Amino acid sequence: MRQGIQPLRVGVIALDAEVQSRASHNPDAIRDFSEAMKQGSKFPPIVVFYDGDRYWCGDGFHRVQAAKRAKHMLIN
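This text gives an overview of the structure that appears in the document.

Quick notes on the overall build of the protein
A tally of regular secondary structure across the protein gives two helices and five strands. Looking at the protein as a whole, 26% of its 76 residues qualify as buried. Long-range pairs, those at least 24 residues apart, make up 74% of the contacts in the protein with a sequence separation of at least 6. Carbon together with sulfur atoms contributes 50% to the accessible area of the protein, which is approximately 5500 Å² in total.

So this is what it looks like as structure tokens:
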């Protein structure tokens, strides 16, 4: 099993609402994170869990959504 911080394609990360611990997402945070990402800002790595089929986001929902909005292909 591979562990550690590795780039992962943004599009393979499941962001299903059932596994989101927040009641809702914060569009302002997503917008701000996205703009910062476009400017080259670095963010803490997200946490994902792989079940053998899918990568599930455990922490970093806003960062993944921001990376998608910024049209980034990879995220750490």
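Some details on the packing of helix H1 (residues 27-38) against helix H2 (residues 61-69)
What describes two packed helices is the angle between their axes and the distance between those same axes. The N-to-C vectors of H1 and H2 enclose an angle of 55 degrees; their axes lie 8 Å apart at closest approach. On the basis of their axis angle, the class for H1 and H2 is oblique. For the pair H1 and H2, the sense of crossing is right-handed. Of the residues in H2, those touching H1 at Ala29, Ile30, Arg31, Phe33, Ser34, Met37 and Lys38 are His62, Arg63, Gln65, Ala66, Ala67 and Arg69. Taken together, the residues of the contact of H1 with H2 sort by class into six nonpolar, three polar and four charged.

Digging into unusual backbone geometry
For Lys71, which is not glycine, the phi torsion reads 65 degrees and is therefore positive. Locating Lys71 in the fold gives a position in the loop between H2 and strand S5 (74-75).

Quick look at the environment of Phe33
Along the chain, Phe33 falls in helix H1. Expressed as a C-alpha distance, the spacing of Phe33 and Ala70, which sit 37 residues apart in the sequence, is 8.9 Å. Other than its neighbours up to four places away in sequence, Phe33 contacts Phe43, His62, Arg63 and Ala66.

Conventions and cut-offs
- Residues numbered from 1 in each chain as written.
- Predicted model: local features only at pLDDT ≥ 70, side-chain atom pairs only at ≥ 80, totals over all residues.
- Heavy atoms only, no water.
- Helix = DSSP H or I, 4+ residues; strand = E, 2+ residues; numbered from the N terminus.
- Buried < 20%, exposed > 50% of the residue type's maximum accessible area, 1.4 Å probe, protein only.
- Contact = heavy atoms within 4.5 Å.
- Areas by Shrake-Rupley, 256 points an atom, 1.4 Å probe, with all protein chains shown as cover.
- Axes fitted to C-alpha atoms, helices over the stretch in contact; angles between N-to-C directions.
- Parallel < 35°, antiparallel > 145°, perpendicular 65-115°, else oblique.
- Left-handed = near helix turned anticlockwise from the far one by under 90°.
- Nonpolar A, V, L, I, M, F, W, Y, C, P; charged D, E, K, R; others polar.

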